[in-house]
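Residues per chain, in single letters:
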Amino acid sequence: MNDTLQEYFNALDRLKTNNPINVPKGSKINNDSVALEAGRKRGSIKKSREIFTELIVAINNASQESNAEYDKLELKIFKLKNSAENYKEMYGKAINRELMYLERINELEKLLKKKNSMSINNEIYGQNIK
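Residues numbered from 1 in each chain as written. Predicted model: local features only at pLDDT ≥ 70, side-chain atom pairs only at ≥ 80, totals over all residues. Heavy atoms only, no water.

## Structural notes on the overall build of the chain
Right, on to step 1. Across its full length, the chain holds 3 helices and 2 strands.
Right, on to step 2. Start at the N end of the chain and walk to the C end: the helices and strands fall as α-α-α-β-β.
Right, on to step 3. Counted over contacts in the chain with a minimum sequence separation of 6, partners at least 24 positions apart contribute 41%. (Helix = DSSP H or I, 4+ residues; strand = E, 2+ residues; numbered from the N terminus. Contact = heavy atoms within 4.5 Å.)

Spelled out as structure tokens, the structure:
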């Protein structure tokens, strides 16, 4: 393996470990990003050049692995968002329930005051208290 090809493989390894030097972290792994990371021009890795056959296969494999990890993270994010929405919905229901209880308590307190003010001569709710 010549030095140039080794530079491409080293660049691919840096992209796999997300420690690039020449491209931003988190860059997608493809022929162009590997070429740029290796310090070459975009498009320098060509399928028509037989020397790059092994490198292109390695890039495609790394890209598929990266996509699989990305899909796992997307699924995890989706589950967490659903969970957050579920808790938000339960919180809203709990607040509504508390407001309903407060409204009912106010109604009962008003009713109790009204009945207490109607009691005359120590008579409460129709009972004589001595």
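## So, the pattern of salt bridges
Right, on to step 1. Applying the stated criterion across every chain yields a total of 4 salt bridges.
Right, on to step 2. Note that Arg-40 and Glu-7 form a salt bridge whose closest N and O atoms lie 2.9 Å from each other. One end of the pair, Arg-40, is in the loop between helix H2 (31-37) and helix H3 (53-118); the other, Glu-7, is in helix H1 (residues 3-16), with 33 residues separating them in the sequence.
Right, on to step 3. Taking relative accessible area as the criterion, Glu-7 reaches 33% and is therefore assigned partly exposed.
Right, on to step 4. The partner of Arg-14 in a salt bridge is Glu-37, and the shortest N-O contact between them spans 2.7 Å. One end of the pair, Arg-14, is in helix H1; the other, Glu-37, is in helix H2, and 23 residues separate them in sequence. (Salt bridge = Lys/Arg side-chain N within 4 Å of Asp/Glu carboxyl O. Buried < 20%, exposed > 50% of the residue type's maximum accessible area, 1.4 Å probe, protein only.)

## Examining the confidence of the model for the chain
Right, on to step 1. A residue-level look at the chain finds 89% of positions with pLDDT of 70 or above and a mean pLDDT of 87.
Right, on to step 2. Within the chain, no element has a lower average pLDDT than strand S1 (residues 123-124), which sits at 55, and none a higher one than H2, at 93. (pLDDT = per-residue confidence, 0-100.)

## Some remarks on the packing of aromatic side chains
Right, on to step 1. Under the defined criterion, the tally for this structure stands at 1 aromatic pair.
Right, on to step 2. Relative to Phe-52, the ring of Tyr-8 has its centre 5.4 Å away and its plane inclined at 90°; by these criteria the two rings are edge-to-face. One end of the pair, Tyr-8, is in helix H1; the other, Phe-52, is in the loop between H2 and H3, and 44 residues separate them in sequence.
Right, on to step 3. On the basis of relative accessible area, Tyr-8 is assigned to the buried category, the value being 3%. (Phe/Tyr/Trp six-rings, centres within 6.5 Å; stacked < 30°, edge-to-face > 60°.)

## Thoughts on the nonpolar core
Right, on to step 1. Ranked by size, the top nonpolar core spans 18 residues in total, and within it Tyr-8, Val-34, Ile-45 and Leu-55 carry the most contacts.
Right, on to step 2. Among the secondary structure elements, those contributing two or more residues to this core are H1, H2 and H3.
Right, on to step 3. Other than its neighbours up to four places away in sequence, Tyr-8 contacts Val-34, Ala-35, Ala-38, Arg-40, Ser-44, Ile-45, Phe-52 and Leu-55. (Core = buried A, V, L, I, M, F, W, Y, C linked by side-chain atoms within 4.5 Å.)

## Some words on H1
Right, on to step 1. Compared with the 20 Å implied by 1.5 Å per residue over 14 residues, the 20 Å span of H1 between its first and last C-alpha is a close match.
Right, on to step 2. By the burial criterion, the buried members of H1 are Leu-5, Tyr-8, Phe-9, Ala-11, Leu-12 and Leu-15. Down the axis of H1, the sector holding all buried residues measures 155°, keeping them to one side.
Right, on to step 3. Asn-18 lies just past H1 and shows a positive phi near 60°. (Expected span 1.5 Å × (residues − 1). Arc of directions from axis to C-beta.)

## Quick word on unusual backbone geometry
Right, on to step 1. Phi is positive for Asn-18, which is not a glycine, with a value near 60°.
Right, on to step 2. Looking at the secondary structure, you find Asn-18 in the loop between H1 and H2.
Right, on to step 3. Residue classification places Asn-18 among the partly exposed residues on the basis of a relative accessible area of 36%.

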